[in-house]
Amino acid sequence: AAYRDDNSFSSAHGAILGGSYRSEIDTASNRMLVSSDPPHHTALRRRMKQVFSREMSQRVKTIVRSRVTTALQRFVADGGGDFAVDVALDLPAGYPEARRLLDLTRAMIGFQDPGYVDVTRDRAVRLAETQMDIFDYFSDLIDARRSRPGTDAVSILMGARDGGKPLDEESLLSNLMNLAVGGN
(Lines give C-alpha, C1' and ligand atoms only; values in the text may rest on other atoms or scores of the structure.)
Protein backbone atom coordinates (compact mmCIF):
# COMPACT_ATOMS: atom_id res chain seq x y z
CA ALA A 1 0.00 0.00 0.00
CA ALA A 2 2.83 2.41 0.83
CA TYR A 3 4.33 1.86 -2.60
CA ARG A 4 1.19 3.17 -4.27
CA ASP A 5 0.58 6.06 -1.86
CA ASP A 6 3.26 8.61 -2.72
CA ASN A 7 1.27 11.38 -1.03
CA SER A 8 1.67 9.80 2.42
CA PHE A 9 4.94 7.97 1.72
CA SER A 10 6.85 10.33 -0.53
CA SER A 11 10.43 9.88 -1.69
CA ALA A 12 10.56 13.36 -3.16
CA HIS A 13 12.07 14.92 -0.04
CA GLY A 14 15.25 12.91 -0.46
CA ALA A 15 16.91 9.98 1.19
CA ILE A 16 19.06 11.81 3.74
CA LEU A 17 17.19 12.20 7.01
CA GLY A 18 17.95 15.59 8.50
CA GLY A 19 19.02 17.10 5.19
CA SER A 20 22.43 17.49 3.66
CA TYR A 21 25.32 19.92 3.83
CA ARG A 22 23.99 23.30 5.08
CA SER A 23 20.43 22.40 4.17
CA GLU A 24 17.46 21.14 6.15
CA ILE A 25 16.36 19.08 3.17
CA ASP A 26 18.26 16.67 0.99
CA THR A 27 19.68 18.73 -1.90
CA ALA A 28 18.94 15.83 -4.26
CA SER A 29 15.24 15.94 -3.39
CA ASN A 30 13.13 15.04 -6.40
CA ARG A 31 16.23 15.02 -8.64
CA MET A 32 17.28 11.37 -8.49
CA LEU A 33 15.38 8.21 -9.24
CA VAL A 34 15.66 7.12 -5.60
CA SER A 35 14.34 10.44 -4.31
CA SER A 36 11.42 11.23 -6.56
CA ASP A 37 7.74 10.45 -6.95
CA PRO A 38 5.56 10.00 -10.04
CA PRO A 39 5.41 11.40 -12.63
CA HIS A 40 9.06 12.50 -12.43
CA HIS A 41 10.10 9.11 -11.03
CA THR A 42 8.31 7.31 -13.85
CA ALA A 43 10.12 9.33 -16.53
CA LEU A 44 13.51 8.76 -14.84
CA ARG A 45 12.83 5.05 -14.40
CA ARG A 46 11.93 4.71 -18.07
CA ARG A 47 15.30 6.21 -19.08
CA MET A 48 17.25 4.33 -16.41
CA LYS A 49 15.82 1.04 -17.68
CA GLN A 50 17.78 1.66 -20.89
CA VAL A 51 21.00 1.85 -18.87
CA PHE A 52 20.21 -1.63 -17.53
CA SER A 53 18.81 -3.11 -20.74
CA ARG A 54 19.61 -6.67 -21.80
CA GLU A 55 21.87 -5.34 -24.58
CA MET A 56 23.79 -3.06 -22.21
CA SER A 57 24.07 -5.83 -19.62
CA GLN A 58 25.46 -8.20 -22.25
CA ARG A 59 28.07 -5.66 -23.36
CA VAL A 60 29.16 -5.06 -19.77
CA LYS A 61 29.14 -8.80 -19.01
CA THR A 62 31.52 -9.50 -21.89
CA ILE A 63 33.98 -6.82 -20.76
CA VAL A 64 33.80 -7.78 -17.09
CA ARG A 65 34.15 -11.51 -17.79
CA SER A 66 37.30 -10.91 -19.84
CA ARG A 67 38.86 -8.65 -17.21
CA VAL A 68 37.97 -10.91 -14.29
CA THR A 69 39.31 -13.99 -16.10
CA THR A 70 42.63 -12.26 -16.78
CA ALA A 71 42.86 -10.90 -13.24
CA LEU A 72 42.02 -14.27 -11.65
CA GLN A 73 44.55 -16.10 -13.82
CA ARG A 74 47.22 -13.69 -12.61
CA PHE A 75 45.94 -13.98 -9.02
CA VAL A 76 46.22 -17.80 -9.09
CA ALA A 77 49.63 -17.69 -10.82
CA ASP A 78 50.88 -15.38 -8.06
CA GLY A 79 49.75 -17.83 -5.37
CA GLY A 80 46.57 -16.03 -4.28
CA GLY A 81 46.17 -13.11 -1.93
CA ASP A 82 43.53 -10.57 -0.99
CA PHE A 83 40.89 -10.34 -3.73
CA ALA A 84 39.80 -6.81 -2.74
CA VAL A 85 43.36 -5.51 -2.98
CA ASP A 86 45.02 -7.77 -5.55
CA VAL A 87 42.19 -8.26 -8.05
CA ALA A 88 39.30 -5.81 -7.65
CA LEU A 89 41.43 -2.68 -7.90
CA ASP A 90 42.96 -3.89 -11.17
CA LEU A 91 39.67 -4.55 -12.94
CA PRO A 92 39.39 -1.00 -14.35
CA ALA A 93 42.95 -1.36 -15.76
CA GLY A 94 43.18 0.09 -19.23
CA TYR A 95 40.33 2.45 -18.45
CA PRO A 96 41.88 5.28 -16.42
CA GLU A 97 38.55 7.11 -16.24
CA ALA A 98 36.95 4.03 -14.63
CA ARG A 99 39.75 3.82 -12.07
CA ARG A 100 39.39 7.54 -11.35
CA LEU A 101 35.66 7.12 -10.79
CA LEU A 102 36.26 4.11 -8.55
CA ASP A 103 38.69 6.16 -6.45
CA LEU A 104 36.23 9.06 -6.24
CA THR A 105 33.28 6.90 -5.19
CA ARG A 106 35.39 5.09 -2.60
CA ALA A 107 36.42 8.46 -1.15
CA MET A 108 32.75 9.48 -0.96
CA ILE A 109 31.59 6.24 0.62
CA GLY A 110 34.62 6.25 2.91
CA PHE A 111 34.54 9.96 3.71
CA GLN A 112 34.96 9.06 7.40
CA ASP A 113 37.65 6.43 6.78
CA PRO A 114 41.28 7.54 7.24
CA GLY A 115 42.24 4.99 4.59
CA TYR A 116 40.51 7.13 1.96
CA VAL A 117 40.48 10.72 3.18
CA ASP A 118 42.07 13.13 5.63
CA VAL A 119 39.73 12.74 8.60
CA THR A 120 41.23 15.67 10.51
CA ARG A 121 39.15 18.06 8.41
CA ASP A 122 35.48 18.90 9.01
CA ARG A 123 33.20 15.92 8.32
CA ALA A 124 30.53 17.84 6.35
CA VAL A 125 33.15 19.63 4.26
CA ARG A 126 34.86 16.32 3.45
CA LEU A 127 31.59 14.83 2.23
CA ALA A 128 30.69 17.92 0.19
CA GLU A 129 34.16 17.97 -1.40
CA THR A 130 34.02 14.30 -2.38
CA GLN A 131 30.59 14.84 -3.94
CA MET A 132 31.87 17.88 -5.83
CA ASP A 133 34.82 15.85 -7.13
CA ILE A 134 32.36 13.31 -8.54
CA PHE A 135 30.23 16.08 -10.04
CA ASP A 136 33.37 17.58 -11.64
CA TYR A 137 34.27 14.17 -13.07
CA PHE A 138 30.82 13.75 -14.61
CA SER A 139 30.68 17.38 -15.80
CA ASP A 140 33.81 16.74 -17.86
CA LEU A 141 32.33 13.50 -19.20
CA ILE A 142 29.05 15.26 -20.07
CA ASP A 143 30.98 17.93 -21.98
CA ALA A 144 32.80 15.20 -23.92
CA ARG A 145 29.54 13.35 -24.68
CA ARG A 146 27.88 16.50 -26.00
CA SER A 147 30.28 16.46 -28.92
CA ARG A 148 30.62 12.67 -29.16
CA PRO A 149 27.55 10.86 -27.77
CA GLY A 150 27.90 7.16 -27.20
CA THR A 151 25.81 4.26 -25.98
CA ASP A 152 26.96 4.55 -22.37
CA ALA A 153 24.97 5.52 -19.26
CA VAL A 154 26.03 9.17 -19.52
CA SER A 155 24.80 9.49 -23.11
CA ILE A 156 21.57 7.64 -22.33
CA LEU A 157 20.75 9.85 -19.35
CA MET A 158 21.67 12.97 -21.30
CA GLY A 159 18.87 11.97 -23.65
CA ALA A 160 16.42 11.52 -20.78
CA ARG A 161 13.25 13.54 -21.00
CA ASP A 162 10.95 14.53 -18.18
CA GLY A 163 7.74 15.95 -19.56
CA GLY A 164 9.42 16.42 -22.94
CA LYS A 165 12.36 18.37 -21.52
CA PRO A 166 15.90 17.08 -21.03
CA LEU A 167 17.10 16.54 -17.47
CA ASP A 168 18.53 19.67 -15.93
CA GLU A 169 22.25 19.57 -15.16
CA GLU A 170 21.78 18.98 -11.42
CA SER A 171 19.42 16.05 -11.97
CA LEU A 172 21.74 14.55 -14.55
CA LEU A 173 24.75 14.87 -12.25
CA SER A 174 22.83 13.55 -9.23
CA ASN A 175 21.62 10.46 -11.11
CA LEU A 176 25.06 9.75 -12.52
CA MET A 177 26.59 10.02 -9.05
CA ASN A 178 23.89 7.72 -7.69
CA LEU A 179 24.68 5.15 -10.38
CA ALA A 180 28.41 5.35 -9.70
CA VAL A 181 28.17 5.18 -5.92
CA GLY A 182 25.57 2.41 -6.10
CA GLY A 183 27.92 0.40 -8.29
CA ASN A 184 30.87 0.71 -5.94
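Whatever comes next refers back to the structure up there.
Residues numbered from 1 in each chain as written. Predicted model: local features only at pLDDT ≥ 70, side-chain atom pairs only at ≥ 80, totals over all residues. Heavy atoms only, no water.

(A) Structural context of the overall build of the chain. A count of helices and strands for the chain gives seven helices and two strands. Tracing the chain from N to C terminus, the helices and strands come up as α-α-α-α-α-α-β-β-α. The contacts of the chain with a sequence gap of at least 6 include a subset with a gap of at least 24, amounting to 48%. Surface exposure of the chain reaches about 11,800 Å², of which carbon and sulfur atoms provide 54%. (Helix = DSSP H or I, 4+ residues; strand = E, 2+ residues; numbered from the N terminus. Contact = heavy atoms within 4.5 Å. Areas by Shrake-Rupley, 256 points an atom, 1.4 Å probe, with all protein chains shown as cover.)

(B) Highlighting the nonpolar core. Counting 24 residues, the largest nonpolar core has Ile134, Phe138 and Leu176 as the members making the most contacts within it. Secondary structure elements with two or more residues in this core: α1 (40-51), α4 (96-109), α5 (123-147), α6 (153-158) and α7 (169-182). If sequence neighbours within four positions are ignored, Phe138 has contacts with Leu101, Val154, Leu173, Leu176, Met177 and Ala180. (Core = buried A, V, L, I, M, F, W, Y, C linked by side-chain atoms within 4.5 Å. Buried < 20%, exposed > 50% of the residue type's maximum accessible area, 1.4 Å probe, protein only.)

(C) Molecular detail of the packing of α5 against α7. With their axes 10 Å apart at the nearest point, α5 and α7 run at an angle of 110° to one another. Classed by the angle they form, the pair α5 and α7 counts as roughly perpendicular. In the packing of α5 onto α7, the handedness of the crossing is right-handed. The residues of α7 that touch α5, namely those facing Gln131, Ile134, Phe135, Phe138, Ser139, Ile142 and Arg146, are Glu169, Leu172, Leu173, Ser174, Leu176, Met177, Ala180 and Val181. Here the residues of the contact of α5 with α7 sort into 10 nonpolar, three polar and two charged. (Axes fitted to C-alpha atoms, helices over the stretch in contact; angles between N-to-C directions. Parallel < 35°, antiparallel > 145°, perpendicular 65-115°, else oblique. Left-handed = near helix turned anticlockwise from the far one by under 90°. Nonpolar A, V, L, I, M, F, W, Y, C, P; charged D, E, K, R; others polar.)

(D) α1, seen in detail. Taking 1.5 Å per residue as the helical rise, α1 with its 12 residues ought to reach 16 Å, and the 17 Å between its terminal C-alpha atoms agrees with that figure. Those residues of α1 that sit buried are His40, His41, Ala43, Leu44, Met48 and Val51. The buried side chains of α1 occupy one side of the element, clustering within an arc of 160° when seen end-on. Within α1, the exposed residues directed more than 90 degrees away from the buried face are Arg46 and Lys49. (Expected span 1.5 Å × (residues − 1). Arc of directions from axis to C-beta.)

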